Amino acid sequence: MEPVKMHVEEWRPYLYDVIQSKVDELRLLGYDYVTQDEVWNCLLKKVWRKSNEKTLHQVVQDVLHMSDRLFMSFLTVQVQQQDEELSQQIEALSQWEQHQKEGN
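Residues numbered from 1 in each chain as written. Predicted model: local features only at pLDDT ≥ 70, side-chain atom pairs only at ≥ 80, totals over all residues. Heavy atoms only, no water.

Participant: Now, about the nonpolar core: what can you tell me, with residues and values included?
Facilitator: Tyr31, Val39 and Phe71 are the most contacted members of the largest nonpolar core, which totals 24 residues. Apart from residues lying up to four places away in sequence, Tyr31 is in contact with Leu26, Asp68, Phe71, Met72, Leu75 and Leu93. (Core = buried A, V, L, I, M, F, W, Y, C linked by side-chain atoms within 4.5 Å. Buried < 20%, exposed > 50% of the residue type's maximum accessible area, 1.4 Å probe, protein only. Contact = heavy atoms within 4.5 Å.)

What follows is the structure, given as structure tokens:
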């Protein structure tokens, strides 16, 4: 039997815990105000912009493997286009990166 492929938006209701896991990971890395919607939008715009018909396991894998650098890139674009709240997240990342450099 062939795995079921659906548009990624159709899988979202089944992915609450997986997305929350990524949110928790990013918060540990200094993205204090990250939300599930931001993670989801990053995936839509950066990972699934060309290929959005996926199986459930492919979507879960994409969420879990999304890097903090990809998220940083997404936020940078959002800052350039949108509001001040995202600017605060970029600042938090910069502080985290400086802390990492000082520790090495």
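That was the structure; now back to the text.
Participant: Describe in detail the environment of Val60, supporting the description with residues and values.
Facilitator: Secondary-structure assignment places Val60 in helix α4 (residues 56-65). When its relative accessible area of 22% is taken as the criterion, Val60 is described as partly exposed. Between the C-alpha atom of Val60 and that of Tyr14, which follows or precedes it by 46 residues, the distance is 9.7 Å. What Val60 contacts, discounting residues up to four positions off in sequence, is Leu15 and Val18. (Helix = DSSP H or I, 4+ residues; strand = E, 2+ residues; numbered from the N terminus.)

Participant: Can you tell me about the pattern of salt bridges, naming the residues and giving the values?
Facilitator: Tallying each qualifying case throughout the model produces 3 salt bridges. Of the charged contacts, one joins Arg12 and Asp37 as a salt bridge, the two residues approaching to 2.7 Å between their closest N and O atoms. Residue Arg12 is located in the loop between α1 (8-11) and α2 (16-28), and its partner Asp37 is located in helix α3 (residues 36-47); the two are separated by 25 residues in the primary sequence. (Salt bridge = Lys/Arg side-chain N within 4 Å of Asp/Glu carboxyl O.)

Participant: Requested: an account of α3, with residues and values cited.
Facilitator: End to end, α3 covers 15 Å across 12 residues, agreeing with the expected 16 Å (1.5 Å per residue, within 8%). Listed as buried for α3 are Gln36, Glu38, Val39, Trp40, Cys42 and Leu43. (Expected span 1.5 Å × (residues − 1).)

Participant: Kindly report on the side chain of Gln20, identifying the contributing residues and their values.
Facilitator: Relative to the helices and strands, Gln20 is located in helix α2. At 2.8 Å, the side chain of Gln20 forms a polar contact with the side chain of Asp24. If sequence neighbours within four positions are ignored, Gln20 has contacts with Arg27 and Gln36. (Polar contact = N/O pair within 3.5 Å; in protein donor to acceptor, adjacent residues only side chain to side chain.)

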